[in-house]
Amino acid sequence: MTEVEMPVANTKTRILIVDDSSLVRLYCRDILEKAGLEVEQAINGIEAMEKVLTQTFDLVIVDVNMPRMDGFSFIRALRNNVADVSTLPALVITTEAGSQDRDEARSAGANFYLVKPLSEFDLLRHVAVLTGAPR
Amino acid sequence: MPFIKRGASTPVTESKPGEATAPHIAALSSPDAEMRWGAARALGGVAAAVPVLAAALDGEQNPRVREAIMTALMRIGDEASVRTLLPYLRSQDARQRSAAIETLQALPGAVEPFVAALLGDADTDVRLLATELARNMPPKHATLVLCDLLKKESHPNVCAAAVEVLAEVGTRDALPTLKACAERFANVPFLPFAIEATIARISSTES
């Protein structure tokens, strides 16, 4: 495993993982909690929106293909929200490597786009960048 | 995205659009989205309307009307409906892919004859989405088709999708294939992690 400088200075960082795959949520949570970060989960965009409006997060990690509300729709709803959450950083994780999906992620307002399968190094590196943690 | 109650669909046997349905067929091409939405809902029980619903879906831009058309196709639930929906698994639009897969998932019996071909499709994204169609199959059959896929699949994301479904519906018959897959993809950390969790789930639910 590549050595990764963990965002240890921000152990109070709260991250919301939004993915309908329980295994992906488990994998991300395992990595992030081992790095000392606090993790909350949602299974689709609707549940995620309820959580961001009632809790405080520093970053949302969101899948694209999900039932009820997909990741792009969630990010658009987030960016159009009048509350403070409209600027919450959003990291998209997806199996889609196509340029159209990248363009849509950008136009929806995502801050970055990671293609699955996720590596621990990439996940932690982008979490550190997007939460402003020292790295 | 269609509103679907799993198992609630009843295939409709009405094969010819009667005089009562003719106005709804005409309304599918109305410039008024509300009229098209109402027409799609009204045609949900008419098997003979599949070709016009298919044509309407192809050109429809309004998400609410698209949802109503997909729901209508789901309510008809025959082979023609499935054939209409399958191409949307190849859509470049994430919402269309998600809507199509959710609709098809509600039709496990009608979809089953297509699953093997979809799992062998040349398009990685189609194979990946097709794993979701096994979710509503009988567990033994789902395990069989997904293990067949895992034995030959080279793309880690397709394997990950199959593992995800096996975690929910797989039987102990999947354990040797899962272990072999974890070894084959030892360099993709997510897969051994996901497979370990899946083996634990299957073992605990089947013990």
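Residues numbered from 1 in each chain as written. Chains lettered and ligands numbered in written order. Predicted model: local features only at pLDDT ≥ 70, side-chain atom pairs only at ≥ 80, totals over all residues. Heavy atoms only, no water.

A. View of the packing of aromatic side chains. Enumeration over the complete set of coordinates arrives at two aromatic pairs over all chains. Ring geometry for Tyr27 of chain A versus Phe190 of chain B: centroids 5.0 Å apart, planes at 80 degrees, classification edge-to-face. Taken together, the residues span two chains, with Tyr27 of chain A in helix H1 (residues 22-34) and Phe190 of chain B in helix H12 (residues 190-206). When sorted by exposure, Tyr27 of chain A lands in the same class as Phe190 of chain B, which is buried. Here Tyr27 of chain A and Phe193 of chain B contribute two aromatic rings whose centre-to-centre distance is 5.3 Å and whose plane-to-plane angle is 70 degrees, an arrangement assigned as edge-to-face. Placement of Tyr27 of chain A in helix H1 and of Phe193 of chain B in helix H12 is noted, with the two residues assigned to different chains. For Tyr27 of chain A, a relative accessible area of 5% gives the class buried. A relative accessible area of 23% means that Phe193 of chain B is categorised as partly exposed. Joined through ring pairs, the aromatic side chains of Tyr27 of chain A together with Phe190 and Phe193 of chain B make up one cluster. (Phe/Tyr/Trp six-rings, centres within 6.5 Å; stacked < 30°, edge-to-face > 60°. Helix = DSSP H or I, 4+ residues; strand = E, 2+ residues; numbered from the N terminus. Buried < 20%, exposed > 50% of the residue type's maximum accessible area, 1.4 Å probe, protein only.)

B. Structural detail: the pairing of strand S2 (residues 38-42) of chain A. Residues and elements named next belong to chain A. Inspection of the sheet shows strand S1 (residues 14-18) paired to S2 by five bridges, in the parallel sense. Opposite Val18, over in S2, you have Ala42 as the bridge partner. Note that the unit made of S1, H1 and S2 has a crossover that is right-handed. (Pairing = 2+ DSSP bridges. Right-handed = clockwise from strand over helix to strand, strands pointing away.)

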